[in-house]
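The primary structure of each chain is shown beneath.
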Amino acid sequence: MALIEAKNIKMYFPVQRGFIDSLFKGETTFVRAIDDVSLQIEKGETLGLAGESGSGKTTMGRLCVRLLKPTEGQIIYDGEDIGKIKGKELRLLRRRLQFTFQDPTSSLNPRLSVGNAIADALKFQRLGTPAERKEKAEEVLEKVGLSPASSFYDRLPHQLSGGQKQRVVFGRAIIMEPEFVVTDEPVAMVDVSIKAQLLELMLDLKKDLDLTYLFISHDLATARHVCDRIAIMYLGRVIELGDRNQVYENPLHPYTVGLIGAIPVPDPKARRSEAIPPGEIPSPINPPSGCRFHPRCPKCMEKCKTEDPEFREVDTGHSVACHLF
Amino acid sequence: MTNALRIQDLTVEYKTRRGVARAVDRVQLSLEENRTLGLAGESGCGKSTLGRAIMRLVPHPGQVAGGNIYINIDDDIPCKKGDIPKGEVDITGLNEEQMRVLRGKEIAYIFQDPMTSLNPMLTIGNHFIQMIQAHNPEIEKEEALDRGKEVLEGLGILPERVTDYPHQFSGGMRQRVMIGLGMVLRPRLLISDEPTTSLDVIVEAQILEQMAELKKTFNLTMILITHNLGVLAQTADDIAIMYCGRIVELASTENLFEAPQHPYAQALLLSVPDVTKPNKKLVWIPGAPPDLVDPIPGCMFNPRCPMAMDICKTQVPPLIESETGGLVACHLYGGK
């Protein structure tokens, strides 16, 4: 059974308008950040969520841990719709669902020692005495590779390197021993020479704590190394989903083909075989009719301009939303 | 082949409160015309500082502490404060006015961040007019605008958009405008600093393709500063790998990827994820670069190097010719 199931999720954000505009112009317009997405995340897997900026991947991640409430649809976790949970129950839910934010520098308080930043997670959950919390935080520091913990506990974020800060962010997420962690671009800000080290740490933590990850990344090369399955998003929709080998070796959707073809390969002999899709991702306020990719699609047919393709399984575990299949 | 650029013993230092940090340390480099040199390395290795030093635009509190930068000039260039003779010119000896004349016309620089490098109060067309008239005041506005439109078209921007302001463009489009401004005066040498780093892969691929196209039309010599080795594999002719302000290896792109010589270059290449090789075991380099204010003796890479020997801890390895025809600074190859 799926650990987390998203059912027909929609997330619309109202477009901010000035006071005068809101008086005289009729209806509010919406940014359709997520427009009808259904996803299942299995226990113990790492599901990758990839796509260009503006495709809605971060919003999807936030919805999965109830940092946002969907406009429509349900997120089912442990048999319950987490959109309906409130108050104390919600606080208890937060122990099991965690999120690491994109930029480790701006997600740590510059005036708070990193040990306290980790221990505070327990405080907000009203767990343990101060001494117990400190002991637990030191244990976590060791676990994320900041050892010896005593020498790191009192340091401030600016005294750490980018990679170390990212470790603190992981530590803060795992101190509650969650079941599910959403990591938003965890290695986008670090140098390539230590990227692999952080990815390995993530996988070690996963094994130790029996975690399930939703790995959000625009970097498909990195995603290929860590994810079991991968979902490709475009303009608020999941347009392709499959086992990582299926998606990378046999991409079906023309957008996925273009996206994978555009990744710079660190090999001067490799030459691009696929043409790069022209143009840029359109505005999610007024997405194109029919298939949202049709204005940029090299294989666009008449049907694509009017009919929205259904997201369906074309091979075991490999689904795509495209009229070609 | 003539050299478009020749750098000798260039040292750039930042005077900080904690002491002097040597961001570029006795760099030797020469670049033939019409080639693209990739300058790669981790953050803080001095690649941007080196690029800016070539423009003589090292930000305060940095300054060129020694060395020479020679560029080649085809014709005598008139200047109010002393004409610049043709041939090889050492730009470290020029005055500010002479540099102003050279910047944009002979050497152009595309800055990292297109959001903050364009003037929000000026239309894109005005950016081009200002750029062109600053160097050629005799050119009329209309003609300047036409030249701008021509370059923008090559970069995939509709000519009628010159009347738009920067905020009306997407990030990728703004970056294209920056590239267009860098190229419109047809400089001999174009330095671009992480031109596609903040962009999505599809837009990145589009821009790199257009840049390569324009480089051919305009006969440019290019320096591409980036930490993304995948991008360099696809665009550069030669690659220089920097570590702690020094060039540790310089080789043709093929040779560097085929047979990297320096242990740092080897490790760096093994750490790059490759989408075509899912089973590649990614490695990392243990430790972190040393503090530049308090540098270590010998080879700067020795504490992280798996092959470190005793000599590495005391002596700086010179940049010598490598077996693959490039240059390498490592004691492993000093025996010849």
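Residues numbered from 1 in each chain as written. Chains lettered and ligands numbered in written order. Predicted model: local features only at pLDDT ≥ 70, side-chain atom pairs only at ≥ 80, totals over all residues. Heavy atoms only, no water.

### Side note on the overall build of chain A
Scanning chain A from N- to C-terminus turns up 12 helices and 12 strands. Scaling as 2.2 N^0.38, a compact globule of 325 residues should have a C-alpha radius of gyration of about 20 Å, and chain A matches this with 21 Å. Across its three principal axes, chain A shows a C-alpha extent of roughly 65 × 60 × 40 Å. When contacts within chain A are restricted to residue pairs at least 6 apart in sequence, those whose partners lie at least 24 apart make up 66%. When the accessible area of chain A is evaluated, it comes to approximately 14,800 Å², of which 49% is carbon and sulfur surface. Each charge class in chain A can be summarised by its mean position, and for the 44 positive and 44 negative side chains these summaries are 5 Å apart. (Helix = DSSP H or I, 4+ residues; strand = E, 2+ residues; numbered from the N terminus. Rg over C-alpha atoms; globule rule 2.2 N^0.38 Å. Contact = heavy atoms within 4.5 Å. Areas by Shrake-Rupley, 256 points an atom, 1.4 Å probe, with all protein chains shown as cover. Lys, Arg positive; Asp, Glu negative; His and termini not counted. Charge placed at Lys NZ, Arg CZ, Asp CG, Glu CD.)

### Remarks on the overall build of chain B
Of regular secondary structure, chain B possesses 10 helices and 12 strands. A compact globule built from 336 residues should have a C-alpha radius of gyration of about 20 Å, and chain B, at 21 Å, falls within 12% of that. The principal-axis extent of the C-alpha atoms belonging to chain B is close to 65 × 50 × 45 Å. Within chain B, buried positions represent 55% of all 336 residues. Within chain B, residue pairs in contact and separated by at least 24 positions form 63% of the contacts whose partners lie at least 6 positions apart. Accessible surface, chain B as shown: approximately 14,600 Å² in total, 51% of it carbon and sulfur. (Buried < 20%, exposed > 50% of the residue type's maximum accessible area, 1.4 Å probe, protein only.)

### Regarding the pattern of salt bridges
Between side chains of opposite charge, pairing is possible as soon as their charged atoms come close. All names here are of chain A. Enumeration according to the criterion identifies 35 salt bridges over all chains in this entry. Of the charged contacts in the structure, one is a salt bridge between R296 and E52, with a shortest N-O distance of 3.7 Å. One end of the pair, R296, is in the loop between α11 (254-262) and α12 (302-306); the other, E52, is in the loop between β3 (46-50) and α2 (57-64), with 244 residues separating them in the sequence. Of the two residues, R296 and E52, both sit in the buried class. (Salt bridge = Lys/Arg side-chain N within 4 Å of Asp/Glu carboxyl O.)

### Points about the nonpolar core
Generally speaking, a soluble globular protein has its nonpolar side chains buried in company with each other. Counting residues in each nonpolar core, the largest one holds 64 residues, and the members touching the most others are I175, L205, L220, I232 and Y255 of chain A. Counting residues per element, this core draws most heavily on helix α8 (residues 192-209) of chain A, which supplies eight residues. Grouped together as the second largest cluster of nonpolar side chains are 40 residues, L50, I84, L189 and L250 of chain B included. (Core = buried A, V, L, I, M, F, W, Y, C linked by side-chain atoms within 4.5 Å.)

### Some details on the environment of E80 of chain A
Residues and elements named next belong to chain A. Following the sequence through the fold, E80 ends up in strand β5 (residues 80-81). With 75 residues separating them in the primary sequence, E80 and E5 have C-alpha atoms 10.0 Å apart. If sequence neighbours within four positions are ignored, E80 has contacts with I75, I85 and E89.

### A closer look at the side chain of T196 of chain B
All names here are of chain B. Summarising the element assignment, T196 is placed in the loop between β7 (189-193) and α7 (201-218). Judged by relative accessible area, which is 4%, T196 ranks as buried. Excluding its chain neighbours within four sequence positions, the residues that come into contact with T196 are E204, I207 and L208.

### Side note on α2 of chain A
The element α2 of chain A is largely enclosed, with a buried count of six among its eight residues. By the burial criterion, the buried members of α2 of chain A are K57, T59, M60, G61, L63 and C64 of chain A.

### Notes on the interface of chain A and chain B
Between chain A and chain B, the residue contacts involve 39 residues of the former and 39 residues of the latter. Summed over both partners, the interface of chain A with chain B comes to about 3,400 Å²; 60% of that surface belongs to carbon and sulfur atoms. Inspection of the chain A/chain B interface yields three salt bridges. For the salt bridge of E280 of chain A with R176 of chain B, the shortest nitrogen-to-oxygen distance reads 3.5 Å. Put simply, chain A and chain B have 11 residue pairs in polar contact (both at pLDDT 80 or more) between them. Elements that contribute at least two residues to the side of chain A that touches chain B include exactly α8, α9 (220-226), α10 (244-249) and α11 of chain A. Considering every element that reaches the side of chain A that touches chain B, the biggest residue donor is α8 of chain A, with eight residues. (Buried area = accessible area lost by both parts, 1.4 Å probe. Polar contact = N/O pair within 3.5 Å; in protein donor to acceptor, adjacent residues only side chain to side chain.)

### Observations concerning the sheet that holds strand β2 (residues 19-32) of chain B
Residues and elements named next belong to chain B. Read from one edge of the open sheet, four strands run β2-β1-β4-β5, paired in antiparallel fashion. The strands lining the two open edges of the sheet, one partner per strand, are β2 and β5 (87-90). Within the sheet, the average angular offset between the axes of one strand and its neighbour, ignoring direction, is 10 degrees. Inspection of the sheet shows strand β1 (residues 3-16) paired to strand β4 (residues 62-73) by eight bridges, in the antiparallel sense. In the sheet register, R6 faces β4, and the bridge partner there is Y70. Its contacts with the sheet place helix α1 (residues 47-54) against β1, β2 and β4, and it is angled at close to 115 degrees to β1. (Pairing = 2+ DSSP bridges. Axes fitted to C-alpha atoms, helices over the stretch in contact; angles between N-to-C directions.)

### Quick word on the sheet that holds strand β6 (residues 107-110) of chain B
Residue and element names in this part refer to chain B. With mixed pairing, eight strands are arranged side by side in an open sheet as β6-β7-β8-β3-β9-β10-β12-β11. Either end of the sheet is taken by a strand with one partner, and the two such strands are β6 and β11 (320-321). Bridging between β7 and strand β8 (residues 221-225) involves five bridges; their strand directions are parallel. If you follow S192 over to β8, its bridge partner there is L224.

### Some thoughts on the packing of helix α7 (residues 162-174) of chain A against α8 of chain A
Helix packing for two helices is described by the angle between their axes and how far apart those axes are. All names here are of chain A. Running from amino to carboxyl end, α7 crosses α8 at an angle of 15 degrees, the nearest separation of the two axes being 11 Å. Comparing their axes, α8 and α7 come out roughly parallel. Our pair here, α7 against α8, has a crossing hand that is right-handed. Together, G163, Q166, R167, F170 and I174 of α7 and I194, Q197, L198, L201, M202, L205 and L209 of α8 make up the contact between the two elements. A breakdown of the residues in the contact of α7 with α8 according to their chemical character gives eight nonpolar, three polar and one charged. (Parallel < 35°, antiparallel > 145°, perpendicular 65-115°, else oblique. Left-handed = near helix turned anticlockwise from the far one by under 90°. Nonpolar A, V, L, I, M, F, W, Y, C, P; charged D, E, K, R; others polar.)

### A few points about the pairing of strand β9 (residues 229-234) of chain A
All names here are of chain A. Burial runs high along β9: six of the six residues are buried. Here β9 shows a buried face lined by R229, A231 and M233 and a second buried face lined by I230, I232 and Y234. Of the strand pairs in this sheet, β3 and β9 are connected by four bridges, and their pairing is parallel. Paired with A50 across the two strands is I232, which belongs to β9. Alignment of β9 against strand β10 (residues 237-243), held across six bridges, turns out to be antiparallel. From the neighbouring strand, M233 faces β10, where its bridge partner is V238. Here β9 hands over to β10 after two residues, with L235 in that stretch at a positive phi of 50 degrees.

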